[in-house]
Number of protein chains: 2
Amino acid sequence: MADLIETLREGLPSEAVVTDPDVMGSYANDMASFCEAGTPAVVVLPRSVEQVQHVMRTATRLRVPVVPQGARTGLSGAANASDGCIVLSLVKMDRILEINPVDRIAVVEPGVVNAVLSRAVMERGLYYPPDPSSWEQCTIGGNIGTASGGLCCVKYGVTAEYVLGLDVVLADGRLLKTGRRTAKGVAGYDLTRLFVGSEGSLGIVVRAVLALKPAPPEQLVLAAEFPSTATASDAICQIMERGHTPSLLELMDRTSVHAVNALANMGLPDTTEALLLAAFDTPDPAADLAAVGELCTAAGATEVVPAEDAAESDLLLQARRLTLPALEAVKGVTMIDDVCVPRSRLAAMIDGTAAIAEKYGLTIGVVAHAGDGNTHPTVCFDASDPDESRRARESFDEIMALGLELGGTITGEHGVGVLKREWLARELGPVGVEMQRGIKQVFDPLGLLNPGKLFA
Amino acid sequence: MADLIETLREGLPSEAVVTDPDVMGSYANDMASFCEAGTPAVVVLPRSVEQVQHVMRTATRLRVPVVPQGARTGLSGAANASDGCIVLSLVKMDRILEINPVDRIAVVEPGVVNAVLSRAVMERGLYYPPDPSSWEQCTIGGNIGTASGGLCCVKYGVTAEYVLGLDVVLADGRLLKTGRRTAKGVAGYDLTRLFVGSEGSLGIVVRAVLALKPAPPEQLVLAAEFPSTATASDAICQIMERGHTPSLLELMDRTSVHAVNALANMGLPDTTEALLLAAFDTPDPAADLAAVGELCTAAGATEVVPAEDAAESDLLLQARRLTLPALEAVKGVTMIDDVCVPRSRLAAMIDGTAAIAEKYGLTIGVVAHAGDGNTHPTVCFDASDPDESRRARESFDEIMALGLELGGTITGEHGVGVLKREWLARELGPVGVEMQRGIKQVFDPLGLLNPGKLFA
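Cut-offs and rules
- Residues numbered from 1 in each chain as written.
- Chains lettered and ligands numbered in written order.
- Predicted model: local features only at pLDDT ≥ 70, side-chain atom pairs only at ≥ 80, totals over all residues.
- Heavy atoms only, no water.
- UniProt positions renumbered as here; feature names shortened; annotations may be inferred.
- Helix = DSSP H or I, 4+ residues; strand = E, 2+ residues; numbered from the N terminus.
- Rg over C-alpha atoms; globule rule 2.2 N^0.38 Å.
- Buried < 20%, exposed > 50% of the residue type's maximum accessible area, 1.4 Å probe, protein only.
- Contact = heavy atoms within 4.5 Å.
- Areas by Shrake-Rupley, 256 points an atom, 1.4 Å probe, with all protein chains shown as cover.
- Lys, Arg positive; Asp, Glu negative; His and termini not counted.
- Charge placed at Lys NZ, Arg CZ, Asp CG, Glu CD.
- Axes fitted to C-alpha atoms, helices over the stretch in contact; angles between N-to-C directions.
- Parallel < 35°, antiparallel > 145°, perpendicular 65-115°, else oblique.
- Left-handed = near helix turned anticlockwise from the far one by under 90°.
- Nonpolar A, V, L, I, M, F, W, Y, C, P; charged D, E, K, R; others polar.
- Domains from an automatic or database assignment.
- Buried area = accessible area lost by both parts, 1.4 Å probe.
- Salt bridge = Lys/Arg side-chain N within 4 Å of Asp/Glu carboxyl O.
- Polar contact = N/O pair within 3.5 Å; in protein donor to acceptor, adjacent residues only side chain to side chain.
- Pairing = 2+ DSSP bridges.
- Least-squares fit on C-alpha atoms with pLDDT ≥ 70 in both.
- Phe/Tyr/Trp six-rings, centres within 6.5 Å; stacked < 30°, edge-to-face > 60°.

In the annotation of an unreviewed UniProt entry, the entry for chain A reads Putative oxidoreductase, and the organism field reads Streptomyces sparsogenes DSM 40356. What UniProt records for chain A under Sequence similarities (unreviewed entry) is the sentence "Belongs to the FAD-binding oxidoreductase/transferase type 4 family."

Structure representation (structure tokens):
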């Protein structure tokens, strides 16, 4: 251990090597509930590719596991420390190296905060779409590690679709360059995409070439109240079937609406069973909202309220973004699930979740990136009550089982981490797990990169 | 060999096992020039997943290499037979299994022809964008194997972006299911994307879940004449920098324009140095074309002609699609390159190609998916002239070297196959090649799948 710290210090400035137990404690885990976290041997905060290479060479030589970290806003325990590990925090590598409006790319280090990049490119008339709820804190490196999504995905897709090329430090410290700076490219296997969503288990991303879009017109939001989640789901299917391309299509159930009103008194309609938010960033968003409003009414909406302007739209989005903290406030702790089903099965997923909540006597709020069928059933419970905690955990598992049954996946955007590794095996099946483990072995033959994550 | 044929027949109907040398000859190669092709031991045409599994189990048991094939319209020799191999043609597995407008997906077998699928989904108000030039012949399985592009990519991206999930028969005959039917999903490593563009070297795709878009309005095309490729490239950069999203942005150089006029007398402007085609499928394409037309004029266009209607637009697209056959007619044979550079380097790429043509005393027409920086320098030569053939080959290599120098890739959409395997190693570098070979080893430990392709 003394050897480890000493060797690390040979290639890192002293302030980049942290061994104070209190400080290290703050690097122990991300924001997931119910996920084991160990005590790191050391936390390192490199500022250059060469320093990361030194860390990985040291780790390989001394056979010490490495847990890469961004801002630790993850919701699956993928960034949790393991006992005796090196926590490799990339937050100090936070430079935007290039923004190129002709090629529509940005080149960044992994520690850049999502919102910082988003604002920087917006100033150049460009748009970096991925917008996880934690966008003001989370880093691009973390977004790449978990293939993060957000509210924009229904129109703009997930992080994976914006990563063109990567520089990756391998487990043994060598540098691998993947992908390209060009709009297209098919030279060999797509290693770039392999790293996106690999949760730090294949290598350390130290630089990324990201694709940008031209900035769209400001979006205009509509809110529609429904007497049931079934009628709201029906409206969502109608909107998508008729060929609309909303920039946002979100659903909040009654529990979520009540929680937000309780937390922030946003004046959301307290009597609604399901609140649908739809938005367009098209040339004529009011016309698109009018068409979608008619579909909502036809599907049974009791009230359809288009925002008058950007300020009203912002308020509705703020309410939506408050849902998770609001649900947390209900009982103190939440487990946020992330089941994505084909959107045609959305009603079945939401109704099934309600049945599970009733079976276990729990409050489970459902907020959903509904246009993508990506639901976040959020189990609210009192962690000091062992029986309620047990029921919370069991209901969480049952929700994933339901998702798989409906042709869905256990994770639409939060990843596997520690939280869902048993369930990953269930989703992939034995042949899938064997191939995935084979790939892990190619990149990390000693099993040093984020061990215990993804696979049980 | 007798053993091979006999064992294959045990799990395949007799008409699915072809051993007639003349018939087999027609399965020996794809459409690439200068690529070796061997003589297969047998051609099989399975009609079911189980039959493909039987073929692969047989191949593994008897250690016989397998070359998977679609319509053999590829341009890199990736589908070329090797001596003694099993050619595994997927063209008889050509069913569209499902089109779902709510989930916006199609589920297809690999032998479905691109145009057949495109038309089938269009009847349901949906759009499958990838449109390689060979779309009337090429199969979805082949498109997945080479990660095909087309004219639409500047707005809609390449095949990879439309593949959500795959069923793959592995080298040993086991079935692997990757990906999902859902809009989002991040469960484990992205094996789906790994198979896209793997040129049949990792497994046999037997079923694909494809993402669809809502059908856009019909596109309207504009033609602009430029006094030089440099001014045309400048216009392209301006169009993209100003945030336009054309559905097509194509460039034909003087050689290409002349060739098309010579072949088909389309009435393209014979005096232009560079013809730019731009299109929009937006709600108001005429307004977008007007804005782009102004940018073209400002960049130096001598003539800007927006199409009046869909019929005029179609004529321009027909002319563009005729370019490759027209260049083929110039000297009998062509080598089509596929170098993609950052679009800001487009002018340097095109001018550099002209210098290479002059250096080698050759005719090299350049047609480009210019909005993506994806150029197709097409070397026209007389294959019966050994010296001209040698110069053609050398200029082809020099074009790729130029592409890499400009920060580009050796292949934007045609793939590596046999044609560019030495160049793949050059682009990836030794670490990249080692990792790619490691992945190949995981899926195909005996090296039976399309040997000699991708890697030298």
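Right, picking up where we left off after that structure.
Draft legend 1. Quick peek at the overall build of chain A. The secondary structure content of chain A amounts to 15 helices and 18 strands. For a compact globule of 456 residues, the expected C-alpha radius of gyration is about 23 Å, and chain A comes in at 22 Å, within 12% of that figure. Each of the three principal axes of chain A carries a C-alpha extent, and together these read 70 × 55 × 45 Å. In chain A, buried positions account for 62% of the 456 residues. Restricting to contacts in chain A with at least 6 residues of sequence separation, those with at least 24 account for 73%. Of the roughly 15,800 Å² that chain A leaves accessible, carbon and sulfur atoms contribute 50%. The average position of the 37 basic charges and that of the 58 acidic charges among the side chains of chain A differ by 8 Å.

Draft legend 2. The packing of helix 1 (residues 2–11) of chain B against helix 3 (residues 49–62) of chain B, seen in detail. Residues and elements named next belong to chain B. It is the contact of helix 1 with helix 3, at a shortest axis distance of 9 Å, that shows an interaxial angle of 155°. On the basis of the axis angle, helix 1 is roughly antiparallel to helix 3. The two elements helix 1 and helix 3 cross, and the hand of that crossing is right-handed. For the pair formed by helix 1 and helix 3, the contact residues are D3, L4, T7, L8, E10 and G11 on the first element and Q51, H54, V55, T58, R61 and L62 on the second. Grouping the constituent residues of the contact of helix 1 with helix 3 by class yields four nonpolar, five polar and three charged.

Draft legend 3. Here's a closer look at the domain arrangement of chain A. All names here are of chain A. Assigned domains of chain A: these are domain 1 (2–89), domain 2 (96–214) and domain 3 (220–405). Measuring from the centre of the C-alpha atoms in domain 2 to the corresponding centre in domain 3 gives 28 Å. Taken together, the contact between domain 2 and domain 3 spans eleven residues of the former and 14 residues of the latter. Together, the buried faces of domain 2 and domain 3 total about 1,000 Å²; carbon and sulfur atoms form 55% of this surface. It is L151, V154 and K155 in domain 2 that bury the most area against domain 3; as a group they hold 67% of the surface buried on that side. At the boundary of domain 2 with domain 3, the tally comes to two salt bridges. Linking domain 2 with domain 3 are four residue pairs in polar contact (both at pLDDT 80 or more), by the criterion used here. A class-by-class count of the residues in the side of domain 2 that touches domain 3 yields seven nonpolar, two polar and two charged.

Draft legend 4. Looking closely at the environment of S233 of chain B. All names here are of chain B. Among the structural elements, S233 can be located in helix 8 (residues 229–241). Residue classification places S233 among the buried positions, given a relative accessible area of 2%. Between the alpha carbons of S233 and R47 there is a distance of 47 Å; along the sequence they are 186 residues apart. Each residue touching S233, except ones within four places of it in the same chain, is listed here: L346, A347 and I350.

Draft legend 5. The interface of chain A and chain B, seen in detail. Between chain A and chain B, the residue contacts involve 73 residues of the former and 73 residues of the latter. Summing both sides of the interface, chain A and chain B together bury roughly 5,700 Å²; the carbon and sulfur share of this comes to 62%. In this assembly, chain A and chain B are joined by six salt bridges. Its salt-bridge partner being D190 of chain B, residue R193 of chain A comes within 3.0 Å of it at the nearest N-O pair. For the pair chain A and chain B, the interface holds 24 residue pairs in polar contact (both at pLDDT 80 or more). Contributing elements (two or more residues each) for the side of chain A that touches chain B: strand 9 (175–179), helix 7 (191–195), helix 8 (229–241) and helix 15 (421–443) of chain A. A per-element tally of the side of chain A that touches chain B places helix 15 of chain A first, with 13 residues. The residue makeup of the side of chain A that touches chain B, split by class, is 33 nonpolar, 26 polar and 14 charged.

Draft legend 6. Highlighting the sheet that holds strand 13 (residues 248–253) of chain B. Residues and elements named next belong to chain B. Strand order across the open sheet formed by seven strands is 15-12-14-13-17-18-16, with antiparallel pairing between neighbours. At either end of the open sheet lies a strand with only one pairing partner, and these are strand 15 (303–306) and strand 16 (333–336). With direction set aside, neighbouring strand axes in the sheet form an average angle of 15°. Note: strand 17 (residues 363–369) against strand 18 (residues 374–381), seven bridges, orientation antiparallel.

Draft legend 7. The arrangement of the relation of the copies chain A and chain B in detail. When chain A is fitted to chain B, the residual RMSD is 0.0 Å, and the transformation amounts to a turn of 180° plus an axial shift of 0.0 Å. Those values place the two copies in the arrangement expected of a two-fold rotation axis. Looking at the interface residues of chain A, 100% of them are also at the interface in chain B, so both copies use one shared face.

Draft legend 8. Layout of helix 4 (residues 114–122) of chain B. For helix 4 of chain B, every residue scored as buried is listed here: N114, A115, L117, S118, A120 and V121 of chain B. Check the buried side of helix 4 of chain B and you find it contacts strand 5 (96–100), strand 6 (105–108), strand 7 (126–127), helix 5 (140–146) and strand 10 (204–211) of chain B.

Draft legend 9. Region of interest: the UniProt feature "domain: FAD-binding PCMH-type" (unreviewed entry) in chain A. Per the UniProt record, "domain: FAD-binding PCMH-type" (unreviewed entry) is annotated on residues 36–215 of chain A. Spanning residues 36–215 of chain A, this segment combines 22% helix with 24% strand, and its end C-alpha atoms are found 41 Å apart.

Draft legend 10. Structural context of the packing of aromatic side chains. By the definition in use, this model includes ten aromatic pairs over all chains. Seen in terms of ring centroids, Y189 of chain A and F455 of chain B are 5.8 Å apart; in terms of plane orientation they differ by 70°. Their pairing is edge-to-face. Of the two residues, Y189 of chain A sits in the loop between strand 9 and helix 7 while F455 of chain B sits in the segment after helix 15 (421–443), which places them in two different chains. Here F455 of chain B falls in the buried class, since its relative accessible area comes to 11%.

Draft legend 11. Highlighting the sheet that holds strand 8 (residues 163–169) of chain A. Residue and element names in this part refer to chain A. Spatial ordering of the open sheet is given by 5-6-10-8-9, a layout of five strands whose pairing is antiparallel. At either end of the open sheet lies a strand with only one pairing partner, and these are strand 5 (96–100) and strand 9. Across this sheet, the average inter-strand angle for adjacent strands is 10°, counted without regard to direction. Examined bridge by bridge, strand 6 (residues 105–108) and strand 10 (residues 204–211) share four bridges and lie antiparallel to one another. The residue of strand 10 that forms the bridge with V107 is V209.

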